[in-house]
Amino acid sequence: MKAKKPYKTPLWGIGLYLLILASMSQGMELKKVAIIGGGPAGLVSAKEFKALGHDVTLFESSAQIGGQWNSNNKRSAVWNSLNMNTPRHMIEFSDFSWDDVVPPTSGYSGTFPPHRESQQYLLAYVKNFGLEDHIKTNHEIVAVKKNADASWEVEFEINSQEGESIANSQTFDMVIFATGMFTKANRPLDQKGGPLEEYRGKIIHSHDFKTIDMADVKDQTVMVIGNGISGTEIATEMVRAGAKEVIHSIRKPHYHINTYRQDRPTETLEETFFQRFPVILGRYLPQSLNSEGLKKAVLEAFPLQLDADILGSEWVLDGNVDKAGVALSRHNYVEDVHQGKVLLQKIPVGATADELIFPGNERKQFDLVIMATGYSLDIPFLSDEVKKDIVVKGRNDLVLYNHVLHPSEATLAFVGFKDFVGAVWPAVEMEARYAARALSGMVNLPSQDKIQQEMVKIRASKKLAGAHIVASHVQEDLGDLLGITPSLLQCLVNPSKYLFACLYPCSYRTSAALDDASTVTEAAEKWEKYRALK
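Residues numbered from 1 in each chain as written. Predicted model: local features only at pLDDT ≥ 70, side-chain atom pairs only at ≥ 80, totals over all residues. Heavy atoms only, no water.

Caption draft 1: Molecular detail of unusual backbone geometry. With a phi angle near 55°, Asn138 is a residue other than glycine that sits in the positive phi range. Note that Asn138 resides in the loop between strand S3 (135-136) and strand S4 (139-146). A positive phi is found at Ala150, a non-glycine position, where the angle reads about 75°. Along the chain, Ala150 turns up in the loop between S4 and strand S5 (152-159). (Helix = DSSP H or I, 4+ residues; strand = E, 2+ residues; numbered from the N terminus.)

Following this line, the structure appears as structure tokens:
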């Protein structure tokens, strides 16, 4: 019996294989891509562009990735006791389970991860997807300039631990900006010409709240200015730290929600509010009806609000929830106000060296003043010529096409430049998935003329008068464009799963349109597991 000769692939087989590869990459030229920012938005952008075969370089200014969640980053605003305000199964990326990094535990932190755990998750994400060799830490971006051949020159400084800097630059075909919105503190009150310019007492921005030793707060009189998410959270933190008096200075009252419903204390906010049906409904109903629907849902889940007895004649809670705004807190802020643990006050109109002055010439001294007055949009390394089409005076957000694309520069995208309400990380992941495919020519885009026509409408839209946007709306908008959301038939046949279930990130990996069979199967199994936990 003759021994079989080892099998050799025929030349025609090799040729066929190469032909198939060529057809798969037809229309997509692999490019050099720069990602600026090493937080969640930058990391997921690097992963998505790398997955398509591009040559990716991520620039991070600090010594380690993580962005805001790297508490050692000088630009980070996270404080010691901060937890994420979104459940772990809702905040994780769609193809990387939080449970695989940190096993679930009981209690509040088992559902809402502490910030250190968030950083641990991001480091594991980098390792899992092989991003280590693509990341350049301690690289501070100085400028991004367009070259004559339409490529981009990225200028940066390499900062050593010894304090030395080396200037350098690299050329890229595409640039993805992922530095976020929370880097430049907005300080309108104590800046030159502001009402608190003369104040010499201890005053900080909420960005620096992490520097406060909570033990020092005990028995102090503290004022928190601003009642967005940070201001509300910090006010309740001061109560729990044992402050003698907590004054919360606000312009107008908001509707308030918590991480858990008041009427069903074991049910998280996301399980109620972030479903597909209200997103679809919101596309067809007038804004007034959407607003009424949101107000009804808020009051049903969180009936205890700042009522007339609390607000008195000083404030009126606007009946329009869009105008009033909605604030989220981990602790029960409204209960603290009702119990007199947090006292409401108007915004100060002036100051002496040691007192703040309020309307009616009321004066008061404080041991600590914390300004939770938000952040200003800041992309200093981008030229005015590039910024002019996406930055509108008086607005603190970027005006982009399909949420992420520069309307005039086909090789620029901006991921994570919205003040999201809801699950932030999955929303920026969807932005990254769309940006990677749009810039790679894998998404059909209209002509430049049609894009500019659409941008005129977007700039004039009342809906985009500010930076806040519901995360699930972006997920659904871009998911539709990528073809990974369920069909109308699927929604009608199984509404409990596709219309009225929580929009877990893994559900966006259950379509074969973008993902392979094993990814789809794993995501589908995870989705069913999470649904069963409710």
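Caption draft 2: Quick look at the packing of aromatic side chains. One pass over the full model with this rule turns up 26 aromatic pairs. With 5.7 Å between their ring centres and 70° between their planes, Phe96 and Tyr125 make a pair best called edge-to-face. Of this pair, Phe96 sits in the loop between helix H3 (88-91) and helix H4 (108-111) while Tyr125 sits in helix H5 (residues 115-128); the two residues are 29 residues apart in sequence, bridging distant segments of the chain. As far as burial versus exposure is concerned, Phe96 and Tyr125 are alike and both buried. Linked through ring pairs, Trp69, Phe93, Phe96, Trp98, Tyr121, Tyr125, Phe129 and Trp425 together constitute an aromatic cluster. A cation over a ring is seen here: Lys47 above Phe129, with NZ or CZ 4.8 Å from the ring centre. Over the face of the ring belonging to Trp527 we find Lys497, whose NZ or CZ atom lies 4.8 Å from the ring centre. (Phe/Tyr/Trp six-rings, centres within 6.5 Å; stacked < 30°, edge-to-face > 60°. Buried < 20%, exposed > 50% of the residue type's maximum accessible area, 1.4 Å probe, protein only. Lys NZ or Arg CZ within 6 Å of the ring centre and 35° of its normal.)

Caption draft 3: Here's a closer look at the nonpolar core. Grouped together as the largest cluster of nonpolar side chains are 85 residues, with contacts concentrated most on Phe49, Met238 and Trp425. With near-sequence residues (within four places) excluded, Met238 lies in contact with Phe209, Met214, Val217, Val222, Val224, Ala243, Val246 and Ile370. Membership of the second largest hydrophobic core comes to 22 residues, among which are Ala34, Phe156, Phe381 and Phe414. (Core = buried A, V, L, I, M, F, W, Y, C linked by side-chain atoms within 4.5 Å. Contact = heavy atoms within 4.5 Å.)

Caption draft 4: Region of interest: the pattern of salt bridges. Here the structure, examined in full by the defined rule, presents 33 salt bridges. For the salt bridge of Lys47 with Glu48, the shortest nitrogen-to-oxygen distance reads 3.2 Å. For the salt bridge of Glu355 with Arg363, the shortest nitrogen-to-oxygen distance reads 3.7 Å. Note on Glu355: relative accessible area 22%, which makes it partly exposed. (Salt bridge = Lys/Arg side-chain N within 4 Å of Asp/Glu carboxyl O.)

Caption draft 5: The arrangement of the state of the cysteines in detail. Evaluated as defined, the whole model comprises zero disulfides. There is no disulfide at Cys491, and the cysteine sulfur nearest it, in Cys502, is 15 Å away. Of the cysteine sulfurs around Cys506, a residue in no disulfide, the closest is that of Cys502, at 9.6 Å. The class of Cys506 is buried, set by a relative accessible area of 0%. (Disulfide = S-S within 2.5 Å.)

Caption draft 6: Region of interest: the confidence of the model for the protein chain. Taken over all residues, the pLDDT of the protein chain has a mean of 89, while the share at 70 or more is 93%. Scored below 50 in pLDDT, residues 1-10 makes one contact in the model with residues more than four places away or belonging to other chains. (pLDDT = per-residue confidence, 0-100.)

Caption draft 7: A look at the sheet that holds strand S17 (residues 362-364). Spatially, three strands are ordered S15-S16-S17 in an open sheet, and the strand pairing comes out antiparallel. Two strands bound the open sheet, and with one partner strand each, they are strand S15 (350-351) and S17. (Pairing = 2+ DSSP bridges.)

Caption draft 8: The arrangement of the sheet that holds strand S10 (residues 221-225) in detail. Here we have five strands laid out as an open sheet, ordered S9-S18-S10-S11-S14, and parallel in their pairing. Of all the strands in the sheet, the pair left with one neighbour each is strand S9 (203-205) and strand S14 (343-345). In this sheet, neighbouring strand axes are inclined to one another by 25° on average, regardless of whether the strands run parallel or antiparallel. Inspection of the sheet shows S9 paired to strand S18 (residues 368-371) by three bridges, in the parallel sense. Each residue of the ladder has a partner; that of Ile203, found in S18, is Val369. The sheet contacts of helix H7 (residues 229-240) involve S10, strand S11 (245-249) and S18, and relative to S11 the element is tilted by about 170°. (Axes fitted to C-alpha atoms, helices over the stretch in contact; angles between N-to-C directions.)

Caption draft 9: Inspection of the packing of helix H9 (residues 276-284) against helix H17 (residues 471-482) at higher detail. At a minimum axis distance of 10 Å, the contact between H9 and H17 shows a crossing angle of 75°. Between H9 and H17, the interaxial angle falls into the category roughly perpendicular. Across from Arg276, Val279 and Arg283 in H9, the residues of H17 making contact are Ser472, His473, Glu476, Asp477 and Asp480. A breakdown of the residues in the contact of H9 with H17 according to their chemical character gives one nonpolar, two polar and five charged. (Parallel < 35°, antiparallel > 145°, perpendicular 65-115°, else oblique. Nonpolar A, V, L, I, M, F, W, Y, C, P; charged D, E, K, R; others polar.)

Caption draft 10: Quick peek at the pairing of strand S2 (residues 55-59). Of all five residues in S2, four are buried; the element is thus mostly enclosed. Relative to S2, strand S1 (residues 32-36) is paired through five bridges, and the arrangement is parallel. Across the sheet, residue Ile35 finds its bridge partner in S2, namely Leu58. Since S1 and S2 lie parallel, the crossover through helix H2 (residues 40-51) that links them has a hand, and here it is right-handed. Pairing analysis gives two bridges linking S2 to S3, with the strands arranged parallel. Within S3, the residue paired with Phe59 across the bridge is Lys136. (Right-handed = clockwise from strand over helix to strand, strands pointing away.)

Caption draft 11: Highlighting the packing of helix H15 (residues 424-439) against H17. One way to put it is that H15 packs onto H17 with a least axis distance of 9 Å and a crossing angle of 25°. Relative to H17, the element H15 lies roughly parallel. The two elements H15 and H17 cross, and the hand of that crossing is left-handed. Between H15 and H17, the residues in contact are Pro426, Ala427, Met430, Glu431, Arg433, Tyr434 and Arg437 and Ala471, Val474, Gln475, Leu478, Gly479, Leu481 and Leu482, respectively. Counted by class, the contact of H15 with H17 contains nine nonpolar, two polar and three charged residues. (Left-handed = near helix turned anticlockwise from the far one by under 90°.)

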